[in-house]
Amino acid sequence: MDSATSNQNALAGTADNGLKIVIVGGFGAGKTTMVRSVSEIRPLNTEETMTQAGAAVDNLDGVQAKTATTVAFDFGRISIDERTILYLFGAPGQERFWFLWDRLFSGTLGAVVLVDTRRLADSWYAIDRLEHHGTPFIVACNDFGGPVHSLEQLREALDLSPEIPLIDCDARDRTSSKYVLITLLQHLHALSTASSGSSPSTATSAREPSTT
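### Structural notes on the nonpolar core
- Counting residues in hydrophobic clusters, the biggest one holds 23 residues, and the most contacted among them are Leu86, Leu114 and Val180.
- At the level of secondary structure, the elements contributing two or more residues to this core comprise strand S1 (17-25), helix H1 (31-38), strand S5 (84-90), strand S6 (110-116), strand S7 (137-142), strand S8 (166-169) and helix H6 (174-196).
- Excluding residues that lie within four positions of it along the chain, leucine 86 makes contacts with Leu19, Ile21, Gly76, Arg77, Ile78, Ile80, Leu181 and Leu185.
- Membership of the second largest hydrophobic core comes to 22 residues, among which are Val24, Ala111, Ile127 and Val139.

### A word on the state of the cysteines
- One pass over the full model with this rule turns up zero disulfides.
- Cysteine cysteine 141 shares no disulfide, and the gap to the nearest cysteine sulfur, in cysteine 169, comes to 7.5 Å.

### Some points on the packing of aromatic side chains
- Within the structure shown, the criterion is met by two aromatic pairs.
- With centroids separated by 6.0 Å and ring planes inclined at 15°, the aromatic side chains of phenylalanine 75 and tyrosine 87 adopt a geometry described as stacked. Of this pair, phenylalanine 75 sits in strand S4 (residues 74-79) while tyrosine 87 sits in strand S5, and the two are 12 residues apart along the sequence.
- Residue phenylalanine 75 is classed as partly exposed on the basis of its relative accessible area of 22%.
- In this arrangement the basic side chain of lysine 20 is found over the ring face of phenylalanine 89, its NZ or CZ atom lying 5.1 Å from the centre.

### Section: the pattern of salt bridges
- What the rule picks out here adds up to four salt bridges.
- The partner of aspartate 116 in a salt bridge is arginine 118, with the nearest N and O atoms 2.8 Å apart.
- A salt bridge links arginine 172 to aspartate 170; the shortest N-O distance between them is 2.9 Å.
- Note on arginine 172: relative accessible area 62%, which makes it exposed.

### Section: the packing of H1 against H6
- Remark: H1 packs on H6, axes separated minimally by 8 Å, with the N-to-C direction vectors making an angle of 100°. Viewed along their axes, H1 and H6 adopt a mutual orientation that is roughly perpendicular. On the side of H1, the interface is formed by Met34, Ser37 and Val38, while H6 contributes Arg174, Ser177, Lys178, Val180 and Leu181.
- Across the contact of H1 with H6, the residue classes break down as four nonpolar, two polar and two charged.

### Section: the pairing of S7
- Among the six residues that make up S7, six are buried, leaving the element largely enclosed by the rest of the structure.
- Residues of S7 alternate between two faces, with Phe137, Val139 and Cys141 on one and Ile138, Ala140 and Asn142 on the opposite face, all of them buried.
- For S6 and S7, the ladder comprises six bridges, and the chain directions are parallel. Counted as the bridge partner of valine 113 is valine 139 from S7.
- Read as a crossover between parallel neighbours, the route from S6 over helix H4 (residues 124-133) to S7 is right-handed.
- Pairing between S7 and S8: four bridges, direction parallel.

### A word on unusual backbone geometry
- If you check the backbone angles, aspartate 159 has positive phi at about 55° while not being a glycine.
- Its location among the elements puts aspartate 159 in the loop between helix H5 (151-158) and S8.

### Let's talk about the pairing of S6
- With seven of seven residues buried, S6 lies mostly within the body of the structure.
- Burial of the side chains of S6 extends over both faces: Gly110, Val112, Leu114 and Asp116 are buried on one face and Ala111, Val113 and Val115 on the other.
- Pairing geometry for S1 and S6, over five bridges, is parallel. Following the sheet pairing, valine 24 is matched in S6 by valine 113.

Rules behind the numbers
- Residues numbered from 1 in each chain as written.
- Predicted model: local features only at pLDDT ≥ 70, side-chain atom pairs only at ≥ 80, totals over all residues.
- Heavy atoms only, no water.
- Core = buried A, V, L, I, M, F, W, Y, C linked by side-chain atoms within 4.5 Å.
- Buried < 20%, exposed > 50% of the residue type's maximum accessible area, 1.4 Å probe, protein only.
- Helix = DSSP H or I, 4+ residues; strand = E, 2+ residues; numbered from the N terminus.
- Contact = heavy atoms within 4.5 Å.
- Disulfide = S-S within 2.5 Å.
- Phe/Tyr/Trp six-rings, centres within 6.5 Å; stacked < 30°, edge-to-face > 60°.
- Lys NZ or Arg CZ within 6 Å of the ring centre and 35° of its normal.
- Salt bridge = Lys/Arg side-chain N within 4 Å of Asp/Glu carboxyl O.
- Axes fitted to C-alpha atoms, helices over the stretch in contact; angles between N-to-C directions.
- Parallel < 35°, antiparallel > 145°, perpendicular 65-115°, else oblique.
- Nonpolar A, V, L, I, M, F, W, Y, C, P; charged D, E, K, R; others polar.
- Pairing = 2+ DSSP bridges.
- Right-handed = clockwise from strand over helix to strand, strands pointing away.

Given below as structure tokens:
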């Protein structure tokens, strides 16, 4: 189990607003990779080497090259500004660890559903659980070089409502992963604005995280 901390990016003393974001999705969709690519600190990972025993219960179709898997959750951090911090939690994707999800969703501001377009059916449970909890979310399609589908086709296949943002991403790329988080924050802001009846032109928009 890899658990490490770093003093290189110490939390600012002015930080007093912590926001919890959860990244969910199917087994091997790239959740750990996204947390690693975007976190400003060395993330905490709970990855363990996959064994033959695990292969007997986990669906490895399309991810046969995968050698390690998350067994609890991933954790990272990214600063929005001097006061606001995003805490990122990556949920394990295997069905045998789904019982952890409800606890991870507790206190969550919003979520990213990370989709492997080669294994769309693996995303249905994540979407269903988020809708069950009433947790706002966006969907990001991770690029694995599989079959090319239009976003309209993917929206239909995932049965997503028109108001739920659906975007492409590369979880390995920091800029792409930051854009996913920005899209989620903008979606949450839009939902908050709509529920409060505020004018979007006078409300504060989501800003890009300040880390480089």
